[in-house]
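Residue strings, one per chain:
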Amino acid sequence: ISFSREDQWTSFSEPGRLPLVLDPIVVGVRLTNVLIDGGSGLNILFASTLRQMGLEFGKIKPTKSPSYRIVPGNTAIPLGTISLAVTFGTPQNYRTEYIIFEVADFDASYHAILGRPAMAKFMAVPHYVYLLLKMPGPAGVLSLRGDLQKSFDCDQKAIQCATSSRVPDTTAEVLAA
């Protein structure tokens, strides 16, 4: 897998600023706003997405492991984990892997986040400047290109979510301790 200038399909003023957002098929449902985040050690599926997909919450395996740095300033306890088939590509050249997701019950601008564990399973290489993800497929390298407008819209919605989410002020608790 390699990248070249031929992969650079557009030019914009702040390369690497926009998120890489793709639309894989997860258990037969196309999710249109999936963040590819090679800096994250988690794969996250949001509870609202699980509901929209019509999947049963009974399939979630409980966990008590907290997740840090997902909700600014707080520790988040996921509802649990769930393993789902994720597919990238076309009918002629595709790749499917079972990915374990942490199910998070808070609002986000994405349907899911695929982090390093998913990238490793797919043997995928993201290129954030080109908004491109490449991985081996049965009929050659899969090149999955992000959409500039979708990336911009998701970024704007993420900013709105971050500014409108209320994080409890624990300063008094810390001072009391």
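That block above? That's the structure.
Residues numbered from 1 in each chain as written. Predicted model: local features only at pLDDT ≥ 70, side-chain atom pairs only at ≥ 80, totals over all residues. Heavy atoms only, no water.

Asker: For the overall build of the protein, give the residues involved together with the corresponding values.
Answerer: From N to C terminus, the protein includes four helices and 13 strands. Taken over 177 residues, the protein has a buried fraction of 37%. When the accessible surface of the protein is split by element, carbon and sulfur atoms take 53% of a total near 10300 Å². (Helix = DSSP H or I, 4+ residues; strand = E, 2+ residues; numbered from the N terminus. Buried < 20%, exposed > 50% of the residue type's maximum accessible area, 1.4 Å probe, protein only. Areas by Shrake-Rupley, 256 points an atom, 1.4 Å probe, with all protein chains shown as cover.)

Asker: I'd like a rundown of the pairing of strand 9 (residues 93-104), residues and numbers included.
Answerer: Looking at chain direction, strand 5 (residues 44-46) and strand 9 are connected through three bridges and run parallel. Within strand 9, the position partnered with Leu-45 by the bridge is Val-103. Pairing of strand 8 (residues 80-90) with strand 9, which is carried by 11 bridges, proceeds in the antiparallel orientation. Bridging across to strand 9, Val-86 finds its partner in Glu-97. Between strand 8 and the antiparallel strand that follows it, strand 9, lie two residues. (Pairing = 2+ DSSP bridges.)

Asker: Could you give me a rundown of a nonpolar patch on the surface, with the residues and numbers involved?
Answerer: Taken together, the side chains of Ile-1, Val-125 and Val-141 define a hydrophobic patch exposed on the protein surface, amounting to about 240 Å² of accessible area. Mapping Val-141 onto the fold places it in strand 13 (residues 140-145). You can call Val-141 partly exposed: its relative accessible area is 46%. (Patch = residues over 30% accessible without salt bridge, like charges linked within 9 Å, V, L, I, M, F, W, Y side chains within 5 Å. Salt bridge = Lys/Arg side-chain N within 4 Å of Asp/Glu carboxyl O.)

Asker: Now, about unusual backbone geometry: what can you tell me, with residues and values included?
Answerer: Across the chain, the bulk of peptide bonds are trans and the bulk of non-glycine residues have phi less than zero. Non-glycine residue Met-123 carries a positive phi angle of around 55°. Along the chain, Met-123 falls in the loop between helix 2 (116-122) and strand 11 (125-127). For Met-123, a relative accessible area of 52% gives the class exposed.

Asker: I'd like to hear about the nonpolar core, residue by residue, with values.
Answerer: Where a protein is soluble and globular, its nonpolar side chains tend to be buried together. Residues Phe-88, Phe-101, Leu-114 and Leu-133 are the most contacted members of the largest nonpolar core, which totals 29 residues. Considering every element that reaches this core, the biggest residue donor is strand 8, with four residues. Non-local contacts of Phe-88, meaning those with residues more than four positions away in its chain, are made with Leu-22, Pro-24, Ile-36, Asn-93, Tyr-94, Arg-95, Leu-114, Phe-122, Leu-133, Met-135, Leu-142 and Leu-144. Judged by nonpolar contacts, the second largest core, of eight residues, contains Val-21, Ile-44, Ala-104 and Ile-113. (Core = buried A, V, L, I, M, F, W, Y, C linked by side-chain atoms within 4.5 Å. Contact = heavy atoms within 4.5 Å.)

Asker: Describe the sheet that holds strand 13, naming the residues involved and giving the relevant values.
Answerer: The pairing of strands in a sheet happens through backbone hydrogen bonds and is either parallel or antiparallel. On the basis of which strands lie adjacent, the open sheet formed by three strands has the order 11-12-13 and antiparallel pairing. Among the strands making up the open sheet, the edge pair consists of strand 11 and strand 13. The average undirected angle you get between the axes of adjacent strands in this sheet is 25°. Relative to strand 13, strand 12 (residues 132-137) is paired through six bridges, and the arrangement is antiparallel. (Axes fitted to C-alpha atoms, helices over the stretch in contact; angles between N-to-C directions.)

Asker: If you had to explain the sheet that holds strand 8 to someone new, which residues and values would you point to?
Answerer: Strand order in the open sheet made by the eight strands is 1-4-10-5-9-8-2-3, with mixed pairing throughout. Looking at which strands have only one partner, the edges of the open sheet turn out to be strand 1 (20-22) and strand 3 (29-30). Pairing geometry for strand 4 (residues 34-36) and strand 10 (residues 112-114), over three bridges, is parallel. When the bridges of strand 10 are listed, Leu-35 appears paired with Ile-113.

Asker: Quick one: what's the story with empty space enclosed by the protein, residue by residue and with numbers?
Answerer: According to the stated counting rule, one finds one cavity of 30 Å³ or more in the structure shown. Of the volumes computed, that of the largest cavity is approximately 30 Å³. In this structure, the largest cavity is lined by Pro-24, Val-26, Leu-31, Val-34, Leu-45, Val-86, Phe-101, Ala-112 and Leu-114. The residue inventory of the lining of the largest cavity, partitioned by class, reads nine nonpolar, no polar and no charged. (1 Å grid on protein atoms, 1.4 Å probe; cavity = no way out; pocket = protein on both sides within 12 Å on 5 of 7 lines; lining within 4 Å. Points joined across faces, edges and corners; volume = space filled by probe spheres on them. Nonpolar A, V, L, I, M, F, W, Y, C, P; charged D, E, K, R; others polar.)

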